[in-house]
Amino acid sequence: MNNITDIHYGPLPADSPYVKPFRFHYTQNGKQKSWDLLKVHDSVSIVIFNVTRRKLVFVKQFRPAVYHGIISGDGVEPGSIDMKKYPPEIAVTMELCAGIIDKPISIVEIAREEILEECGYDVPVDRIEQIIRYRSGVGTSGAEQTLFYTEVTDADKVSTAGGGVDDEIIDVVEYGIEEARQLTAKGTVITSPPSFLFGLMWFLANRAPKDA
């Protein structure tokens, strides 16, 4: 995952299938205003709990946006990156299983595909529960994300699936409930998006076994 070299930047092509920047013009209380926005895909994320071993199933992957955020915050340009000071590991995030909505199928079917492709569990849609829908990136994209929950067993595991598809490189990790709870402790610093923390705290408040 972390054998990353030759980092450089380039202009965003107009035909990007993932991100389309534009300027939003409007009038508010008689004053003309504008806001720069990004059109991106809506998405799904899934809290996965393996009831056989009482483990939460998460994914880890290298995120270029996180890496850029770290090095640019320190004023580092691509051609002068000290890879020992800024190893790729600093931008490996822990996240919920998730994916963009880019197919003409139901969102629960999208969630089912992501569970299989990323984490290797084959779960029927009637075992995937929709929890809540919310907006992310409200200052830049306002994209909608739908949170799902599913319980899996070791019997649902497909040995040939998981880890992503095509050129994705995804590590599947499992956390015990108390180990996961520590990720929300005061003073904790983790490289994870708010959706991960929200999903984890939802699980701890609503579905974690009472004896955990």
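The structure we're discussing is the one just above.
Residues numbered from 1 in each chain as written. Predicted model: local features only at pLDDT ≥ 70, side-chain atom pairs only at ≥ 80, totals over all residues. Heavy atoms only, no water.

S.K.: Now, about the pattern of salt bridges: what can you tell me, with residues and values included?
M.R.: By the definition in use, this model includes 12 salt bridges. Between Glu174 and Arg53 there is a salt bridge, and its shortest N-O distance comes to 2.4 Å. Here Arg53 lies in the loop between strand 3 (43-50) and strand 4 (55-62) and Glu174 lies in strand 9 (residues 171-176), a separation of 121 residues in the sequence. Since its relative accessible area comes to 34%, Arg53 is described here as partly exposed. (Salt bridge = Lys/Arg side-chain N within 4 Å of Asp/Glu carboxyl O. Helix = DSSP H or I, 4+ residues; strand = E, 2+ residues; numbered from the N terminus. Buried < 20%, exposed > 50% of the residue type's maximum accessible area, 1.4 Å probe, protein only.)

S.K.: Please provide a residue-by-residue account of the nonpolar core, values included.
M.R.: Leu56, Phe58, Leu200 and Phe203 are the most contacted members of the largest nonpolar core, which has 20 residues in total. Sorting the residues of this core by element identifies strand 3, strand 4, strand 8 (143-152), strand 9, helix 3 (177-181) and helix 4 (194-206) as the ones contributing at least two each. Of the residues forming this core, the biggest block, five residues, is contributed by helix 4. In terms of nonpolar packing, the next biggest core, distinct from the first, is built from 16 residues, Val44, Ile128, Val152 and Ile170 among them. (Core = buried A, V, L, I, M, F, W, Y, C linked by side-chain atoms within 4.5 Å.)

S.K.: Lay out the environment of Asp167 with the relevant residues and their values.
M.R.: Note on placement: Asp167 falls in the loop between strand 8 and strand 9. Since its relative accessible area comes to 70%, Asp167 is described here as exposed. Here the alpha-carbon distance between Asp167 and Ser141, two residues 26 residues apart in the chain, equals 26 Å.

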